[in-house]
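A closer look at the structure
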Amino acid sequence: MPCCVSPLISLPHTFLVYFVDSLHVWICLDCFFICWVPQYGCRQCKQRQEQKEPAVAALAAKKKEEGNVAAEALKQQQLAAAKAKAAAAAAKLTVEVDSAHRKTLEDQVQLSEKQGPVRETLDAKPSSNVTALGVLSEDELNAAWTAALESTGRPLNSSRVNVVGQGRVGKTAFVRALTNQIFVDTESTMGVSQSLLEVDKVALDAHGDTAWSTVTDGSTAMSAQEALARRAAELCALKLSVNVSVPAASTSIVEMLSGETYEQRQHRAAEEEGAQEITAHTCNDMKKMNTAGSGAETEFVVKKVAAKEGVAKKMDMELVRSKVGKAEALRLSLWDFGGQDKFYVLHHLYLNRYCVYVVMFNMEWLLPGAPEYDECLAYLYFWLCSIWMHAVDLKDGTLAPILLVGSHKDKVWRPEDHEAISKLLDDRFQCHSVWSQVMRFKEAQVKAGRGTLWFFPVDNTIGHKDPVIVKVQQGILERVGNEKYVKLEVPFTWLSALEVLQKETASCLHIDRVLEICAESSMGGLQIALRDEVGMMLNFFNEMGLLMYHNSKGLSHLVVLNPAKFLVEPASCVICQHDIHENEALLAARTEQPGMYKLLRRGILERGILDVLWREYADSQKELELLLTLYQLIVPIVDEEGGHRFLVPALLPGKPAIDADNETPARLVAYFVFGPADMMKNLRSKSQGYVSVEDIKREGFLPIGLFPSMLGKIVEECQCVHGMSINDMQMTIGCISAAFGRHTFTLQEVRESNVMQLIIRVDTPLLVVERMLALMQVAVAKMMPSLHFVLAVDQDGGICKDGLVPTFKGHLVL
């Protein structure tokens, strides 16, 4: 009989208690198990519970996992629906932010509600690709457009490639290979041939693929609208992205040229008394000039309006969308230079620091025993020196990039020949100041496998199928990508003005018309006077080769919009090698036999012949004559025929030398020695003012084209100052005998010795020496400002015994 029922609160079960033989017997009412001492509950229930718990836990885990899977599936469905909705509103954004920098972005990305996420984006880990996570509202897009308008500008992302070298080495065929065109055996290039290219910006990585295509829309730089759209697209990408690649900060071209930041100009403007409107009297400070044809003075009103009113009246949403997700192209202006000596007088018009130089040569001409061997090396030396003179930044000493390219690999294909040519070039030019800047071909095929060459051997006949052509493209892009001027930010107002200028049908414009266009494009609003800002813009675009402008007497009123079309082409019709060049104008001019005879045999150009040669440029003939005269390419002949004739120094006849027929004995002889500043310094330091003739021959540099320019200066001086007739002067392509009053002299070019020889035929040489030094200074400054020269005499003081000129040997005294 049970004595009691005990719940045993301290135990997990209820027990029935019996007394058996004075002992308590505990019976579990859950399982009816008999327990003698149930201190911790029923053992059997506990064992059952322990066996049951794993199964219950497994079932619970399974239910939980099924719940998580269902929740994740629902989440994915919701995310997919959100993405689909976003895709319906805007395309997926995948862009590479390549021009914005951190400071500009932090100042400009003020999109009120979303500033926090954008700030996190700026500090995120850089990535080349940007993926959209959402869609911006119309207000946010308008804010991005406004921020773009208020920015300082955008890099022009443009450069020029000058392909230079000796005539008939394959420059034009190489240019065709660069542009993926088939090989064609072309005629010799007259002057300069220009084409514009777009290069996929991804190829700025030297290990990427290149895709070069010719631009057909006639533009030479991106428009203001396109630049704004790209900036707005970048800001939109930043708004929607997680990772953004932020390049190094860019410098504004205005800051570089003016020496003031935008904030400094604002502060200065705030301290000055300024009106909100610059009226016509502002322009009255400028020299008023008559507009072409009308004779009326130009007056206009310039209002300082916000850039967004002058550059873009409204946001071009479609243009923004078209630029989002599309890599920006690097625009290259590719110039193929005529290689004949006649064209070298034109080189100073378009050789400068803002470009890349490809110097070409024919590998066949550098093989042992080749008859052109010495001449080929001489031309390479000339081009390296010319680049040295024209393409050095005088502020920081940097030099434009240089690549050497050897053509005719289809004939000189053996790697050992390439190695021999490379060693020859290195031995010959390793002491030249520019040699360390020449880009080497580090993946060349040499006899031992892979190696390095100092040049790129190419086969133009197979074009882009030659892998070395691709390596040249990558080399050009690598060097261009490292150039500072490519990254300079150009104001949108400048781009807007340039866009209008490029749409003008005329090849040149009067400066007053350019000022009007710039005023309408809202220039003059950067706390800089309109005229000063326009001058900075024209000088920059002039250096970039986008137009031609010279702020000098007689030229400051003229802005040439297409230098190749307006100046180089017509000049090439006159200054060309007439026995190998043909075009319709030259064929028509040859019907004028008497006039053409004077041009080809005596270098005398009559206006009638000029009218035929420049038939296509009749509307601009007066300006062309002025430009060619200022550059000493032609010299007006002052005589009884009323100035209707011109002397063309580059077309004067060749030898025999004049001195052989000159009856006046020589009294004194001196020599003009030319070279870069450091070369001249080295020559002086070797022997304390004495320099050997052999050193001058080896290290001196007499530019081709300098003597014709000097000859023009002498003819001009003799005619206009001393009243000497052109018929009384004796001239050849490399020599002139004339007189300053009664002081007769002869100046002749001694190219093999890199000097000009001055023979004075009077006992008092001071006047001739002074005038020659002054004229040489002017000629050098206009053609090659970095070139230095000195006047030297031989060890005997330059005295000509018995009226005979001594042999050029021994040493000179500088």
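Throughout what follows, the structure given in this document is the object of discussion. (Residues numbered from 1 in each chain as written. Predicted model: local features only at pLDDT ≥ 70, side-chain atom pairs only at ≥ 80, totals over all residues. Heavy atoms only, no water.)

**Details of the packing of aromatic side chains**
Under the criterion given, the structure shown has 14 aromatic pairs. Measuring from ring centre to ring centre gives 5.4 Å for phenylalanine 382 and tryptophan 383, while their planes differ by 70°; the resulting arrangement is edge-to-face. The residues phenylalanine 382 and tryptophan 383 share a single accessibility class, namely buried. Counting every residue linked through ring pairs, the aromatic cluster contains Phe382, Trp383 and Phe701. Between arginine 160 and the ring centre of tryptophan 335, over which it is positioned, the NZ or CZ distance is 5.7 Å. Geometry around tyrosine 381 places arginine 428 over its ring, the cationic atom sitting 5.2 Å from the centre. (Phe/Tyr/Trp six-rings, centres within 6.5 Å; stacked < 30°, edge-to-face > 60°. Buried < 20%, exposed > 50% of the residue type's maximum accessible area, 1.4 Å probe, protein only. Lys NZ or Arg CZ within 6 Å of the ring centre and 35° of its normal.)

**Some remarks on the side chain of aspartate 695**
Residue placement: aspartate 695 occurs in helix α25 (residues 693-699). Its relative accessible area of 13% is what places aspartate 695 among the buried residues. A distance of 3.1 Å separates the side chain of aspartate 695 from the side chain of serine 692, its partner in a polar contact. (Helix = DSSP H or I, 4+ residues; strand = E, 2+ residues; numbered from the N terminus. Polar contact = N/O pair within 3.5 Å; in protein donor to acceptor, adjacent residues only side chain to side chain.)

**Considering the pairing of strand β27 (residues 668-675)**
Burial analysis of β27 places eight of its eight residues in the buried class, which makes it a mostly covered element. Taking every second residue as pointing to the same face, both faces of β27 are buried, with Leu668, Ala670, Phe672 and Phe674 on one and Val669, Tyr671, Val673 and Gly675 on the other. With five bridges connecting them, β27 and strand β33 (residues 788-794) associate as antiparallel partners. Note on β33: the bridge partner recorded for valine 673 is valine 790. (Pairing = 2+ DSSP bridges.)

**Side note on the sheet that holds β33**
Reading across the sheet, the eight strands line up as β28-β34-β33-β27-β32-β31-β30-β29 and stay open at both edges, with antiparallel pairing between neighbours. Of all the strands in the sheet, the pair left with one neighbour each is β28 (690-692) and β29 (730-732). For this sheet, the mean inter-axis angle between neighbouring strands, taken without regard to orientation, is 30°. Sheet topology note: the strand β31 (residues 743-750)/strand β32 (residues 755-760) ladder contains six bridges and is antiparallel. When the bridges of β32 are listed, phenylalanine 745 appears paired with isoleucine 760. The strands that helix α26 (residues 706-720) touches are β27, β29, β30 (735-740), β31 and β32; relative to β30, the one it contacts most, it runs at about 25°. The sheet contacts of helix α27 (residues 766-783) involve β27, β30, β31, β32 and β33, and relative to β33 the element is tilted by about 150°. (Axes fitted to C-alpha atoms, helices over the stretch in contact; angles between N-to-C directions. Contact = heavy atoms within 4.5 Å.)

**Focus: the nonpolar core**
Ranked by size, the top nonpolar core spans 191 residues in total, and within it Phe174, Phe361, Leu425, Phe541, Leu647, Leu747 and Met772 carry the most contacts. Here the element with the most residues in this core is helix α12 (residues 373-390); it accounts for twelve residues. Residues within four places of leucine 425 in sequence aside, it is in contact with Phe361, Leu366, Leu377, Leu380, Leu404, Gln430, Trp435 and Phe455. Counting 18 residues, the second largest nonpolar core, distinct from the first, contains Ala666, Met680, Val755 and Val790. (Core = buried A, V, L, I, M, F, W, Y, C linked by side-chain atoms within 4.5 Å.)

**A short note on the pattern of salt bridges**
Side-chain pairing between opposite charges can occur once the charged atoms of the two side chains come close. With the rule as written, the count across this model stands at 15 salt bridges. One salt bridge connects aspartate 695 with arginine 698, and the closest N-O pair in it is separated by 2.3 Å. On the criterion of helical spacing, the pair formed by aspartate 695 and arginine 698 is a turn pair, its members being three residues apart in helix α25. Residues glutamate 717 and arginine 771 are paired through a salt bridge, measuring 2.9 Å at the closest nitrogen-oxygen approach. Taken together, the residues glutamate 717 in helix α26 and arginine 771 in helix α27 connect sequence positions 54 residues apart. For glutamate 717, a relative accessible area of 11% translates into the label buried. Connected through salt bridges with shared partners, the residues Arg414, Glu416 and Asp417 form a single ionic network. (Salt bridge = Lys/Arg side-chain N within 4 Å of Asp/Glu carboxyl O.)

**Brief notes about the side chain of histidine 432**
Summarising the element assignment, histidine 432 is placed in the loop between α13 (415-429) and β16 (438-439). Apart from the residues within four sequence positions on either side, histidine 432 is in contact with Tyr381, Leu384, Cys385 and Trp388.

**Some thoughts on the sheet that holds strand β21 (residues 508-510)**
Strands sit in the order β21-β23-β22 across an open sheet of three strands; the sheet is antiparallel. Sheet topology places β21 and β22 (548-549) at the edges, where each strand pairs with a single neighbour. Sheet topology note: the β21/strand β23 (residues 558-560) ladder contains three bridges and is antiparallel. For leucine 509, the partnering residue across the bridge sits in β23 and is valine 559.

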